[in-house]
Amino acid sequence: MAIEFTKYHGLGNDFILIDNRTLSLPVLTPEEAIKLCDRHFGIGADGVIFALKGQDGTDYTMRIFNSDGSEPEMCGNGIRCLAQFIAELEGISSQDSEYRIHTLAGVITPKLRRDGQVIVDMGLPRLLAAEIPTTLCSGDEKVVNQPLEVDGKSWDVTCVSMGNPHCITFVEDVAAIPLETVGPKFEHHSVFPQRTNTEFIQVVGQDYLKMRVWERGAGVTLACGTGACAALVAGVLTGRCDRKATVELPGGPLEIEWSEVDGRVYMTGPAEKVFTGKI
Ligand code: ZDP
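I will try to describe carefully the structure that is included in this document.

1. Here's the deal with helix α1 (residues 30–37)
Thought 1: For α1, the set of buried residues is A33, L36 and C37. Buried residues in α1, looked at end-on, bunch into an arc of 95°, giving them a common side. More than 90 degrees from the buried face of α1, the exposed residues found are E31 and K35.

This is the structure in structure tokens:
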């Protein structure tokens, strides 16, 4: 059976989107996703995203497999792509559509804006060690500016869950970080039982952060939406930035706000269709 797919990217974080709306389970297995994500033997992507039937009153359900076949709870760049994909499937050309999406991180609400950008209500950040999860502090404590030994060096880390785990460390110069060497050591560190995404952040100004990321299950990527949200929250928790800032990723900028009013994190950024095909 042929399966149609559409390739999208959000700031170069790229995904294979599958129209799976009539079903509750993904039409592909994690093993098939690994093959399709391969950049030499497959289509090439950081993950595969399925637009599934809604549940518990939501419009749709999103599931995603990372390029290594593992399944994350959420995906910030991916859900912007999903919103565009759904609008196209529904034949909606006008903007302002808002969707309630069921994810393993709770209900997430992306909204298409007239200028083509997508603003996403990413929900509440979770800050307690048990929620990350990490054993770096006792379960009911926040993990802020904690020393962590990785690769023979002590890093000050702050941990934030946006449904998926993030470990954030602030550095002088992000360009100088050997991501390929230290990234996997953070990801598989014994203090992170579910592994972790890791963000290296350079504070350029109160309202401007520069970020490079090592993603759990995907490695070096050009952008990570949940990571940019987690980074801003960590910047606020450690007194390094305002509640609203631009986060510059290798693939481009995202606008992130941690609202003082409702405590939720809002992410604004692009999602672009690249091509369609059949498997
Ligand atoms: O948590 C994880 O395992 C991530 N690799 C999921 C993907 C996150 C993503 N890069 C994002 O934008 O949030 C898609």
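2. What to know about the environment of P165
Thought 1: Position of P165 among the secondary structure elements: in strand β10 (residues 165–170).
Thought 2: The class of P165 is buried, set by a relative accessible area of 1%.
Thought 3: Note: C-alpha distance between P165 and F65 (100 residues apart in sequence) is 16 Å.
Thought 4: For P165, the residues in contact, after removing those within four places along its chain, are E73, I132, V160, Q194, R195, T196, N197 and R216.

3. A word on the packing of aromatic side chains
Thought 1: Enumeration over the complete set of coordinates arrives at 7 aromatic pairs.
Thought 2: Ring centres 5.4 Å apart and planes at 70° place the aromatic pair F50 and F65 in the edge-to-face group. You can see F50 sitting in strand β3 (residues 47–53) and its partner F65 sitting in strand β4 (residues 60–66), a full 15 residues away along the chain.
Thought 3: Overall, the relative accessible area of 0% leaves F50 in the buried class.
Thought 4: Residue class for F65 comes out buried when judged on its relative accessible area of 4%.
Thought 5: When the ring of W155 is compared with that of F200, the centres are 5.7 Å apart and the planes differ by 65°; the resulting orientation is edge-to-face. Taken as a pair, W155 in strand β9 (residues 153–161) and F200 in strand β11 (residues 197–205) lie far apart in primary sequence, 45 residues in all.
Thought 6: Classification of F200 by relative accessible area gives buried; the value is 0%.
Thought 7: Pairwise contacts between aromatic rings join W155, F186 and F200 into one cluster.
Thought 8: Across from the ring centre of W155, 4.0 Å away, lies the NZ or CZ of K153, which sits over that ring.

4. Remarks on the pairing of strand β16 (residues 265–269)
The side chains of a regular strand alternate, first on one face of the sheet and then on the other.
Thought 1: Counting buried residues in β16 gives 4 out of 5 residues, a clear majority hidden from the surface.
Thought 2: By the bridge criterion, 4 bridges tie strand β7 (residues 118–121) to β16 in an arrangement that is antiparallel. Bridged to D121 within β16 is Y266.
Thought 3: Where strand β15 (residues 252–258) meets β16, 4 bridges bridge the pair, whose relative direction is antiparallel. Bridging across to β16, E255 finds its partner in T268.
Thought 4: In this structure, the hairpin formed by β15 and β16 is closed by a connection of 6 residues, where G263 is found at a positive phi of approximately 75°.

5. Details of the pairing of strand β6 (residues 106–112)
Thought 1: Looking at chain direction, strand β5 (residues 101–103) and β6 are connected through 3 bridges and run antiparallel. Residue I101 lies in a different strand from β6, and its bridge partner there is I108.
Thought 2: In this structure, the hairpin formed by β5 and β6 is closed by a connection of 2 residues.
Thought 3: Two elements, β6 and β7, share 4 bridges in a ladder whose sense is antiparallel. Paired with T109 across the bridge in β7 is D121.

6. Here's the deal with the environment of R240
Thought 1: Here R240 lies in the loop between α4 (225–237) and β14 (244–249).
Thought 2: Sequence separation of R240 and H166 is 74 residues, and the distance between their C-alpha atoms is 17 Å.
Thought 3: Leaving out residues up to four positions away in the same chain, R240 has contacts with N145, F170, V203, Q206 and G235.

7. Topic: the side chain of E73
Thought 1: One can find E73 in the loop between β4 and α2 (76–89).
Thought 2: Within polar-contact distance, the side chain of E73 engages the side chain of R216 at 2.9 Å.
Thought 3: In this structure E73 touches T103, L104, A105, G163, N164, P165 and R216, once residues within four positions along its chain are discounted.

What counts, and where the lines are drawn
Residues numbered from 1 in each chain as written. Predicted model: local features only at pLDDT ≥ 70, side-chain atom pairs only at ≥ 80, totals over all residues. Heavy atoms only, no water. Buried < 20%, exposed > 50% of the residue type's maximum accessible area, 1.4 Å probe, protein only. Helix = DSSP H or I, 4+ residues; strand = E, 2+ residues; numbered from the N terminus. Arc of directions from axis to C-beta. Contact = heavy atoms within 4.5 Å. Phe/Tyr/Trp six-rings, centres within 6.5 Å; stacked < 30°, edge-to-face > 60°. Lys NZ or Arg CZ within 6 Å of the ring centre and 35° of its normal. Pairing = 2+ DSSP bridges. Polar contact = N/O pair within 3.5 Å; in protein donor to acceptor, adjacent residues only side chain to side chain.

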